[in-house]
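Spelled out from the first residue to the last, the chains are:
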Amino acid sequence: MDNETLEQEKGNLIPKEEKSPSKYTGDDIQVLEGLEAVRKRPGMYIGSTSSTGLHHCVWEIIDNAIDEALAGYCDTIHVTINEGNTITVTDNGRGIPVDIVSKSGKSGVETVYTILHAGGKFSNSIYKVSGGLHGVGASVVNALSEWLEVTVHKDGGIYYIRFENGGHTVEPLKRIGDCSDSGTIVTFKPDGTVFTETTEFDYGTIRDRVRQMAFLNKGVRIIVSDNRGSEENHQREEFCYEGGVKEYVTYLNRNKETEENPYEVVYCEGVQDDITVEIAMQYNDSYTSMIYSFCNNINTGDGGTHEEGFRMALTRVMNKYARANKFLKENDESLTQDDVKEGLTAIISIKHPNPQYEGQTKGKLGNSEVRAIVSNLFGEQLERYLNENPRQAKAIMGKVTLAANARIAARKARETTRKSGLGISSLPGKLFDCQSKEVEKCELYIVEGNSAGGSAKNGRDRKYQAVLPLRGKILNVEKAQLKRIFANAEIGNMILAIGGGYGNDFDVSKIRYHKIVIMTDADVDGSHIRILLLTFFYRFMKPLIEQGYVYIAQPPLYKASRGNKDYYCYNDEQLAVLREKLGPVASKLLKIQRYKGLGEMNAEQLWETTMDPEKRKMLRVTIDDAMEADKIFDELMGEDVLCRKEFIKENAKFVNNLDI
Ligand code: 1YM
């Protein structure tokens, strides 16, 4: 963006009355200039014009209803997808003000929906916390809608207003009837000229978000419905959690246990300096942690001061309790942050009247005062919990000291291998390494089975392609104990070959290949091994996936030969296309071989179809949303076998198609 446009954009964000109060009253042109700015650069307000941006509009309207609930005036919200892809959000709050606002000369409703930054301006509520756009949400959604209608029930009257074509008022707010209740009803149709990718709402996306909102705002009842299509396809779900984040943690841990979890949920809440803090945490018998934080109902994916306060207090209090009650002896090492978070699921949710976000994606909370507030509130309540619940405390102490012992044992093992010369410098015997040391160009093929490993070894480009054959299945790291994971030979070989270490010590700058290619058979076993490998990378070498270094090879499913000409088909569709191209007569003469495994291909075939950078197709593994990925891995690798089978059949959702 050049400087001039930037200035213009900024100008439009300044509330009009600060610019020139005299011109302001009733000036339609100025108002529409504001909304026009939104239409010119929708990405600035809602992030993107893709499906994500489309749904962002829904979140903005829901946020206003949630704010009304947090202010204590509303307890029920309906979110409905209507026939024709419009959305209706209703609440039973006070109703948006309908009186004329002197500064704008318009009704409250029209002001809120047509003037950027109108929201907080004349609202006297201190609890305008929900959502990201801070009051401008309503006008932004209006600007990006083909039409939008607001109906308000307030003070005995029903009021109605409609906007069209990006926020143009059709007729000012009008009283159209009487009523005895109160609330706000908003319906809108997103503008197809703005949302060019799609204007179709996704029920699952809206349902998941609504469920999360219900967890984060205890006691608020939210009903989500999809009324599109025929009646038997309609859907409706209702969410209301009196326990709030406490129930959220139980929900997140639902796949972790086959029997009842021996650990209870520890819950803490408090308010200090207008900042509301709510924390719930629960250990489980796995070794991974799921710690999610939120500020004003928004997931702070990169953490921040609220998460720091939580971790500080958790480590401090656990150490204090462990020392005082002799779970740690005088000479024992203190528990680290990693020890106390092993197998921990936690939600940290704060509500802040003036949040500051940092980082590239604005996903990190920056307010420094929050650190001490969370640390003190949570620390105090956790300490009290441990002292009042000695049996639970004993179980937790068992868990965290075990983690500490495993960490110390792993460190000693590392030191021994390094001393004996078996450490980082030595490569596994099974690895057929490449010649080049230019890591950007080097590729490691992890291949299922020795026979396919042999073909890959002989067919590869020795200069840049290394091959590591894996025998049998590797461990399911989601379920296995840390010590067992690192005692597993296949995993050990992989760690050595990749060269960047693992876990918290993983150093992506030390890896020896910039493409790690998983090459497994196109059958259920192959899918299983692939998922196990991805889980391992996700849990212990996450930056590898985050930086896009992990790929999945795509071997063909069929070889079709006619005379001495061979065709490779990667799926059934391609085979059908080939048949069509050759015509019915020639098709009859086709000899079709279905590859059951990579091992059936000889070295040349494997090179030609799957490894030759000029011809091959590969999928790059990406993870857009860490929370979603955690959930997927969890469901996949946890105890829920049915869920896992379903997933493997459907195949990796987190893999984006990318031709290379
Ligand atoms: C379906 C969407 O927008 N509900 C809603 C919005 C407001 C109020 C009540 C409200 C707020 C206040 C006073 C206040 C809004 N009011 C404004 C503004 N649901 C939905 N329900 N009275 C009513 O904050 O003081 C903006 S949003 F600015 F007009 F007060």
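Thresholds applied
- Residues numbered from 1 in each chain as written.
- Predicted model: local features only at pLDDT ≥ 70, side-chain atom pairs only at ≥ 80, totals over all residues.
- Heavy atoms only, no water.
- Helix = DSSP H or I, 4+ residues; strand = E, 2+ residues; numbered from the N terminus.
- Expected span 1.5 Å × (residues − 1).
- Core = buried A, V, L, I, M, F, W, Y, C linked by side-chain atoms within 4.5 Å.
- Buried < 20%, exposed > 50% of the residue type's maximum accessible area, 1.4 Å probe, protein only.
- Pairing = 2+ DSSP bridges.
- Axes fitted to C-alpha atoms, helices over the stretch in contact; angles between N-to-C directions.
- Contact = heavy atoms within 4.5 Å.
- Left-handed = near helix turned anticlockwise from the far one by under 90°.
- Nonpolar A, V, L, I, M, F, W, Y, C, P; charged D, E, K, R; others polar.
- pLDDT = per-residue confidence, 0-100.
- Parallel < 35°, antiparallel > 145°, perpendicular 65-115°, else oblique.
- Salt bridge = Lys/Arg side-chain N within 4 Å of Asp/Glu carboxyl O.
- Phe/Tyr/Trp six-rings, centres within 6.5 Å; stacked < 30°, edge-to-face > 60°.
- Lys NZ or Arg CZ within 6 Å of the ring centre and 35° of its normal.

### What to know about helix 12 (residues 305-324)
Then comes step 1: Across its 20 residues, helix 12 extends 28 Å between first and last C-alpha, which sits within 8% of the 28 Å expected from 1.5 Å per residue.
Then comes step 2: A positive backbone phi angle near 65 degrees is found at K326, which sits one or two residues after helix 12.

### Observations regarding the nonpolar core
Then comes step 1: In terms of nonpolar packing, the biggest core is built from 66 residues, with Y113 and V150 touching the most fellow members.
Then comes step 2: The leading source of residues in this core is helix 6 (residues 51-70), at nine residues.

### Describing the sheet that holds strand 13 (residues 290-295)
Then comes step 1: Across the sheet, which stays open at both edges, the five strands sit in the order 11-12-15-13-14 with mixed pairing between neighbours. Edge positions in the open sheet fall to strand 11 (266-272) and strand 14 (298-299), since each of these has one partner strand only.
Then comes step 2: Pairing of strand 13 with strand 15 (residues 344-351) involves six bridges; the strand directions are parallel. Note that in strand 15 the partner of F294 across the bridge is S349.

### Thoughts on the sheet that holds strand 8 (residues 183-190)
Then comes step 1: Read from one edge of the open sheet, eight strands run 7-6-5-8-2-1-9-10, paired in mixed fashion. Edge positions in the sheet fall to strand 7 (168-178) and strand 10 (235-239), since each of these pairs with one other strand and no more. Averaged over all adjacent pairs, the angle separating strand axes in this sheet is 10 degrees, with direction ignored.
Then comes step 2: As paired elements, strand 6 (residues 157-164) and strand 7 share seven bridges and run antiparallel to each other. Each bridged residue has a counterpart across the sheet, and for Y159 the counterpart in strand 7 is R175.
Then comes step 3: Packing of helix 10 (residues 203-216) onto the sheet brings it into contact with strand 1 (76-82), strand 2 (86-91), strand 9 (221-226) and strand 10, and relative to strand 9 it is tilted by some 175 degrees.

### So, the packing of helix 12 against helix 14 (residues 369-388)
Then comes step 1: Where helix 12 contacts helix 14, the two axes come as close as 8 Å, and the packing angle between them is 35 degrees. The chirality of how helix 12 crosses helix 14 is right-handed.
Then comes step 2: Considered class by class, the residues forming the contact of helix 12 with helix 14 number 12 nonpolar, six polar and five charged.

### Looking at the confidence of the model for the chain
Then comes step 1: Per-residue confidence for the chain gives a mean pLDDT of 85, with 83% of residues at or over 70.
Then comes step 2: Low pLDDT, under 50, characterises residues 1-27; the stretch is placed with 37 contacts to residues that sit more than four places away or in other chains.
Then comes step 3: In the model, residues 651-660 has pLDDT below 50 throughout and makes 30 contacts with residues more than four positions away in sequence or in other chains.

### Some remarks on the packing of helix 16 (residues 450-459) against helix 22 (residues 603-611)
Then comes step 1: Closest axis-to-axis distance for the helix 16/helix 22 pair is 8 Å, and the angle between their directions is 80 degrees. With respect to helix 22, the axis of helix 16 lies roughly perpendicular. Counted together, A452, S455, A456, N458 and G459 of helix 16 and A603, L606, W607 and M611 of helix 22 form the full contact between these two elements.
Then comes step 2: Broken down by class, the residue content of the contact of helix 16 with helix 22 amounts to six nonpolar, three polar and no charged.

### Some words on the pattern of salt bridges
Then comes step 1: Counted under the stated rule, the structure contains 27 salt bridges.
Then comes step 2: Residues E238 and R221 are paired through a salt bridge, measuring 2.7 Å at the closest nitrogen-oxygen approach. Separated by 17 residues along the polypeptide, E238 in strand 10 and R221 in strand 9 bring together distant segments of the chain.
Then comes step 3: Judged by its relative accessible area of 38%, E238 is partly exposed.

### Focus on helix 18 (residues 489-498)
Then comes step 1: Most of helix 18 is tucked away: seven of the 10 residues are buried.
Then comes step 2: Along helix 18, the residues classified as buried are E490, I491, N493, M494, I495, A497 and I498.
Then comes step 3: One or two residues past the end of helix 18 sits G499, with phi positive at roughly 90 degrees.

### Points about unusual backbone geometry
Most peptide bonds adopt trans geometry, and most residues besides glycine take a negative phi value.
Then comes step 1: A positive phi angle, close to 60 degrees, is found at N165, a residue other than glycine.
Then comes step 2: We classify N165 as exposed; its relative accessible area is 53%.

### Digging into the packing of aromatic side chains
Then comes step 1: In this structure the tally under the stated criterion is 11 aromatic pairs.
Then comes step 2: With a centroid separation of 3.9 Å and an interplanar angle of 15 degrees, the aromatic rings of F215 and Y241 are classed as stacked. Separated by 26 residues along the polypeptide, F215 in helix 10 and Y241 in the loop between strand 10 and helix 11 (245-252) bring together distant segments of the chain. The pair formed by F215 and Y241 is uniform in burial state, with each residue classed as buried.
Then comes step 3: One aromatic cluster is present, formed by F215, Y241, Y248, Y251 and F294 through successive ring pairs.
Then comes step 4: Above the plane of the ring of W59 lies R209, whose end atom (NZ or CZ) is 5.7 Å from the centre.
Then comes step 5: Cation over ring: R254 sits above Y251, and NZ or CZ is 4.0 Å from the ring centre.

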